[in-house]
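Each chain is listed here by its residues.
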Amino acid sequence: RGRQLGGRTLLWGGVTLRLSDYELKAAERDGYGPSWPLRYCELAPFYDRVERFLGIHGTKEGLRQLPDGCFIGSRPLTRAERHLSCGVAAAWPDRRIIPSRGIAITQHGGTSSPLSSVSSTIARAYATGRLRILNGCVASHLIPNRRTGGAAGVAFVDAETGDACFERAQLIVLCASTIETVRILLTTQKEHPELPVSESDCVGRYLMDHVLTGTVVEMDGIAYESPAPRTGADSFLLPRYQNLAVAEPYLRGYGLWGGIQRKGFAGRRGRPARGFVVAQGEMLPRACNRVILGEQRCADGLRDIHIDCSWGENDRAIHAAMMSSVGDMMQAGGGHTKALFDSVAFLPGLLGLSLIHISEPTRRYAISYA
C-alpha cells in the first residue's frame, strides 16, 4: 500500500500481460464462482490504447490463453533461456517459453520510463495545465450528495498538518489499488451508511492474492555471456498451459516468469549459468478472505485495516503442482533448482523494489497495518 505520487506504478516489475476469456469467463468452464461481467473482445481496444501509449515489447505467438498485443518489437532471450526453451518444448509440446511482454525501463534513453505514471500518464495530464495535484493528502472516504443520493466529493486528511479537508467533484474515480480502495469504501460505509456502496456485504470480501513460489536455478554447460538487462521486457515467460484442453485435479492455472544470465542473477565466468523462476497462480475467491477496518488509527488519524486471508484446498493444490513442474522443466532444460522460496520476500531484491509482501501457504495469516 504505497501512499506516494504514482501509487503502485512505482512498485511493480513492468510485466504487462493481457487477460483472456480463460480468466474472465473461467466460471463458465469450471463452475466456480461468478464470471467477470465482460469478455476479452470488450477489453481488447483498451489494451490496444494502453500498449501503444506505454510502448510494450513482445512477440506475437497466437496463444488463446495469452492474447497478442500491440508490440514495438521483442527483446532477445539469453543463451541459457533459449537452451531451456528447446528442452521444455521437446519434452512438452504444449509448454512454450517466450520473451516476456512488458516495459524495457531504458527504452527512452534512460532519462524517463513509462514504468511509472509520474513519467507517463501524470506527466501528460500535467502538461495540459488542467491538472491539480494534492500531494501529501490521504483520502479518507466519500461524501454523499443528499440531493442525488450519490457522492459529492472526497474527504481527505492533510498528512503534514492532520487537518480534515474536503474536495467536491462531479466525477470520482477510486484508483487507489486493491487494499486502499477497499479501505476508502469501508470507511464510507461506516461514516455514511446511506450511500449505495454501504448496501453490499461483499465490500472487503473475496480477497485474492497470488499463489506463488520462486526458486533460484542453475544450468551447466552454458557458455558464459555478459549479463543481459533484467526488466519486464528483458526476461522470459511460460504462459499458462493447465486446464486448457486437458483437465487437471485443480481449477484454473499458473504461469512462469524468470530470467537466466541476467543482471543480478547471471552467475560468474567458469560457473553454471544462474537465474530465477517465479510461478504465479490464481487464488480462488472465498468470502472468508477479507479486509476489515481495524480498531486502531494510523498516524494520519485514519483507521487502519486488518487483513485475514488463507489459502484454500485448490490454492494448495496449485502450489504443489507448480513446485513440481518448475523442477521437472529445469531438469528437461539441462538445469536444476537451488533454493526454493515459498514466500515472496525475495521479490523486492529481484525487482529492485522497496516492497514487502507475505504469502503463507499452509495456515491462515492476519496482518494489521498501522
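Fair warning: this is a prediction, and the values are worked out from it, not measured in the lab.

Enquirer: Tell me about the overall build of the protein chain, residues and numbers included.
Expert: A count of helical and extended segments in the protein chain gives eight helices and 12 strands. Counting the 370 residues in the protein chain, one finds 45% classified as buried. Partitioning the intrachain contacts of the protein chain with sequence separation of at least 6 by distance along the chain shows that 66% fall at a separation of at least 24. For the protein chain, the exposed area adds up to about 19,100 Å²; of that, 54% sits on carbon and sulfur atoms.

Enquirer: Which residues make up the pairing of strand E9 (residues 290-297), and what values go with them?
Expert: Remark: a regular strand shows side chains that alternate across the two faces of the sheet. As paired strands, E9 and strand E10 (residues 303-309) are joined by five bridges and run antiparallel to one another. By the bridge assignment for E10, Ile292 is matched with His306. Connecting E9 to the next strand, E10, in antiparallel fashion are five residues, including Gly301 with a positive phi near 90 degrees.

Enquirer: Before we move on, can you summarise the environment of Gly281 with the specific residues and values?
Expert: Residue placement: Gly281 occurs in strand E8 (residues 273-282). By relative accessible area, Gly281 is classed as buried at 6%. Note: C-alpha distance between Gly281 and Met322 (41 residues apart in sequence) is 8.3 Å. Contacts of Gly281, omitting those with residues within four sequence positions, involve His210, Val211, Gly253, Tyr254, Ile318 and Met322.

Enquirer: I'd like to hear about the packing of aromatic side chains, residue by residue, with values.
Expert: Describing an aromatic ring pair means giving the distance of the ring centres and the angle of the ring planes. Taken as a whole, this structure holds three aromatic pairs when the rule is applied. Ring centres of Trp257 and Phe276 lie 5.1 Å apart, and the angle between their planes is 65 degrees; this geometry places the pair in the edge-to-face category. Of this pair, Trp257 sits in strand E7 (residues 254-260) while Phe276 sits in strand E8, and the two are 19 residues apart along the sequence. What makes Trp257 buried here is its relative accessible area of 10%. In this arrangement the basic side chain of Arg95 is found over the ring face of Trp92, its NZ or CZ atom lying 4.3 Å from the centre.

Enquirer: Tell me what's going on with a nonpolar patch on the surface, and back it up with residues and numbers.
Expert: On the surface, a cluster of nonpolar side chains totalling about 470 Å² of accessible area is made up of Leu5, Leu10, Val118, Tyr126, Leu131 and Ile133. The topology assignment puts Val118 in the loop between strand E1 (98-99) and helix H5 (121-126).

Reading the values: rules and limits
Residues numbered from 1 in each chain as written. Predicted model: local features only at pLDDT ≥ 70, side-chain atom pairs only at ≥ 80, totals over all residues. Heavy atoms only, no water. Helix = DSSP H or I, 4+ residues; strand = E, 2+ residues; numbered from the N terminus. Buried < 20%, exposed > 50% of the residue type's maximum accessible area, 1.4 Å probe, protein only. Contact = heavy atoms within 4.5 Å. Areas by Shrake-Rupley, 256 points an atom, 1.4 Å probe, with all protein chains shown as cover. Pairing = 2+ DSSP bridges. Phe/Tyr/Trp six-rings, centres within 6.5 Å; stacked < 30°, edge-to-face > 60°. Lys NZ or Arg CZ within 6 Å of the ring centre and 35° of its normal. Patch = residues over 30% accessible without salt bridge, like charges linked within 9 Å, V, L, I, M, F, W, Y side chains within 5 Å. Salt bridge = Lys/Arg side-chain N within 4 Å of Asp/Glu carboxyl O.

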